[in-house]
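Commentary on secondary and tertiary structure
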Amino acid sequence: MYKIKSDFKRKRRIVLKENEFYDKTKIMKIAICDDNKESLQELEKDIRLFFQNKNQEISICTYHNGNHILHAIQQKEIEPDVLFLDIDMPDISGLETAKILRETQEDLILIFISSYEHYVFEALEYAPFRYIRKNYRKKELPLALRAVETAYQKTKKRYLFF
């Protein structure tokens with residue numbers, strides 16, 4: 001039995017034999033938005049460490065406020081698969097940023113990260129994939145990243161069986 005995977009962006013087809021695995025060459029694009037430079041750097045480092053020995057390439061872009069990431073996405077400078085978004089930021093909050101993003105980015109894997117637990121119920125309005133508390137980042141981030149990895153791979157594997 002053969003599996004056919006079409007890669008429409010590169011206009012090619014990959015034919016796989018039975019029990020052969022699809023090479024996960026697509027790079028997972030991750031964006032992080034946090035006004036706290038230290039938190040942003042720690043989160044980026046932890047994400048890179050998590051994926052270091054995985055069969056998944058990643059690229060990470062960082063932003064310091066919601067307006068910058070909104071502009072980058074609207075101008076198609078980046079098209080993230082995953083967004084880690086702080087909630088409590090000056091100018092425009094992460095919740096306001098999420099509201100705007102959800103109008104056009106329904107498939108975006110959105111993960112709120114915050115020092116404040118009281119935002120969790122308001123955050124649910126924007127269909128987050130996860131809500132990570134900064135004080136529990138070391139415990140909650142690996143769990144979230146494993147779930148992201150699984151969800152991401154499911155969306156990238158589309159086979160046609162004969």
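Anyway, here's the lowdown on the structure attached to this text. Everything numeric here is computed off the predicted structure, so don't read it as measured data.

Reading the values: the criteria
Within each chain, residues carry numbers counting from 1 in the order of the written sequence. In keeping with the predicted nature of the model, local features appear solely for residues at pLDDT of at least 70, side-chain atom pairs appear and are counted solely at 80 or more, and the whole-chain, interface and lining totals rest on all residues. The side-chain quantities take in all heavy atoms of the structure and omit both hydrogens and water. Salt bridge, as used here, is a side-chain nitrogen of Lys or Arg placed within 4 Å of a carboxyl oxygen of Asp or Glu. Here a helix means four or more residues in a row that DSSP labels H or I, a strand means two or more in a row labelled E, and each is numbered from the N terminus. Accessibility here uses a 1.4 Å probe with only protein chains present; expressed as a share of the type maximum, an area under 20% marks a residue as buried, one over 50% as exposed, and anything in between as partly exposed. Strand pairing is defined by DSSP finding a minimum of two bridges between the two strands. To define axes, lines are fitted to C-alpha atoms, for helices over the stretch in contact only, and angles between the resulting N-to-C directions are given on a 0 to 180 degree scale. Every residue pair with non-hydrogen atoms within 4.5 Å of one another is taken to be in contact.

This part takes up the pattern of salt bridges. Working definition: two side chains of opposite charge can pair if their charged atoms are close together. Applying the stated criterion across every chain, the model contains nine salt bridges. The residue lysine 138 makes a salt bridge to aspartate 46 at a minimum N-O spacing of 3.2 Å. With lysine 138 in helix α5 (residues 137–156) and aspartate 46 in helix α1 (residues 37–51), this pair connects stretches of sequence that are 92 residues apart. With a relative accessible area of 56%, lysine 138 lands in the exposed category. A salt bridge links glutamate 149 to lysine 54, with the nearest nitrogen and oxygen atoms 3.8 Å apart. Residue glutamate 149 is found in helix α5, and its partner lysine 54 is found in the loop between α1 and β4 (58–63); the two are separated by 95 residues along the sequence. Salt bridges sharing common partners tie together Glu42, Asp46, Arg137 and Lys138.

Spatially, five strands are ordered β4-β3-β5-β6-β7 in an open sheet, and the strand pairing comes out parallel. The open sheet has two free edges, formed respectively by β4 and β7 (130–133), since each of these has just one partner strand. Adjacent strand axes in the sheet meet at a mean angle of 20° when their direction is disregarded. Pairing of strand β5 (residues 82–86) with strand β6 (residues 109–114), which is carried by five bridges, proceeds in the parallel orientation. In the sheet register, leucine 85 faces β6, and the bridge partner there is phenylalanine 112. Along the sheet, α1 makes contact with β3 (28–33), β4, β5 and β6, crossing β4 at roughly 175°.

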